[in-house]
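# Breakdown of the fold
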Amino acid sequence: MSIFHRYSSTIHGNYRRAYLRSGAITGLLLAAYVMVRYLMGNPLESPLSYVSDAILLVAVFLFAAYYRNSLPEGKVTLKELMLFGIGLSAMAAVVYGLVLCAFELIVPDQTLQFTTGMTGKEISPLDPQMHYWAIWWAIMAAVEVLLLGAFGAFLAAILFRNEKSEVKKSETKNV
C-alpha cells in the first residue's frame, strides 16, 4: 500500500470555500443561459449544448487561475487544483440541476422543448408525466456538467500547477 503514500503534498489555501463559491456561480451562469434563451423567444432544444459546455470550461479555467492567484505565494499543486476543480464541477452540477429542474417545472414549455428536441417525440403539455421529464433532463444535465467539468479540472490542474509534490523515499527491508 506504499504506492498511495509516496507523495507529500501541501494544501496552500482553503479550496473548499473557493469551490463552493465558484461552483455556485458557474451553476447559476449555466442556468442563466437557459433562462435568457427562453426569455428571448429562442429556447434551447437540449440542456446540453456547445455554448453551455464552453461556459463551463471557461469558468473552470478562469476560477482555477483566480484561485491560484489568490493564494499567498501563488503556489499550488496538481492535487489541490484537482480537488478544487472537481469540487467546483460537483457544486456547479448540483446548482445547475436544481435550478434547471425548478425552471422546467415553472415553465413547462421548456420541458416540452427539451423532450421534443432530445427524443424526437411530441408530448402534450397536459401529459401527467411532465414533471418526470423535467427531473430527467435536470439529472442528465447535472451528470454531463459533472463529467465535463471534471475533465476541464484535470486540464486546468495540469496547466496551472506550479509546484511539484515531494516524492518520499522509502527504505526497503532486506530479508
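This text goes with the structure placed above it.
Description of the structure in this document. (Residues numbered from 1 in each chain as written. Predicted model: local features only at pLDDT ≥ 70, side-chain atom pairs only at ≥ 80, totals over all residues. Heavy atoms only, no water.)

## Points about the packing of aromatic side chains
The geometry of an aromatic ring pair comes down to the distance between the two centres and the angle between the two planes. Summed over the entire model, instances satisfying the criterion amount to 5 aromatic pairs. Taken together, a centroid distance of 6.1 Å and an interplanar angle of 40 degrees make the contact between Tyr15 and Tyr19 tilted. Here Tyr15 and its partner Tyr19 are both found in helix 1 (residues 15-39), 4 residues apart, which amounts to about one turn of the helix. Here the two residues Tyr15 and Tyr19 agree in accessibility, since each one is buried. For the ring pair Tyr38 and Phe103, a centre distance of 5.7 Å and an interplane angle of 80 degrees mean the geometry is edge-to-face. Here Tyr38, found in helix 1, pairs with Phe103, found in helix 3 (residues 78-106); they are 65 residues apart in sequence, far enough to count as distant. Overall, Tyr38 belongs to the partly exposed group, its relative accessible area being 23%. (Phe/Tyr/Trp six-rings, centres within 6.5 Å; stacked < 30°, edge-to-face > 60°. Helix = DSSP H or I, 4+ residues; strand = E, 2+ residues; numbered from the N terminus. Buried < 20%, exposed > 50% of the residue type's maximum accessible area, 1.4 Å probe, protein only.)

## Thoughts on helix 2 (residues 50-70)
Helical periodicity: at 3.6 residues per turn, an α-helix aligns residues three or four positions apart in one direction. Counted at 1.5 Å a residue, the expected span for helix 2 with its 21 residues is 30 Å, and the 30 Å between its end C-alpha atoms agrees. Among the residues making up helix 2, those that are buried are Ser52, Asp53, Leu56, Ala59, Val60, Phe63, Ala64, Ala65 and Tyr67. (Expected span 1.5 Å × (residues − 1).)

## A few points about the packing of helix 1 against helix 3
In the contact formed by helix 1 and helix 3, the axes pass within 7 Å of each other and the chain directions differ by 35 degrees. In this structure, the crossing between helix 1 and helix 3 has a hand that is right-handed. Of the residues assigned to the contact of helix 1 with helix 3, the class counts are 21 nonpolar, 5 polar and no charged. (Axes fitted to C-alpha atoms, helices over the stretch in contact; angles between N-to-C directions. Left-handed = near helix turned anticlockwise from the far one by under 90°. Nonpolar A, V, L, I, M, F, W, Y, C, P; charged D, E, K, R; others polar.)

## With respect to the environment of Leu126
Within the secondary structure, Leu126 is located in the loop between helix 4 (108-119) and helix 5 (130-160). Separated by 18 residues in the primary sequence, Leu126 and Pro108 place their C-alpha atoms 9.5 Å from one another.

## Focus on the side chain of Glu144
Within the fold, Glu144 resides in helix 5. The residues contacting Glu144, other than those within four sequence positions of it, are Leu48 and Asp53. (Contact = heavy atoms within 4.5 Å.)

Taken by themselves, the reported measurements are silent on function.
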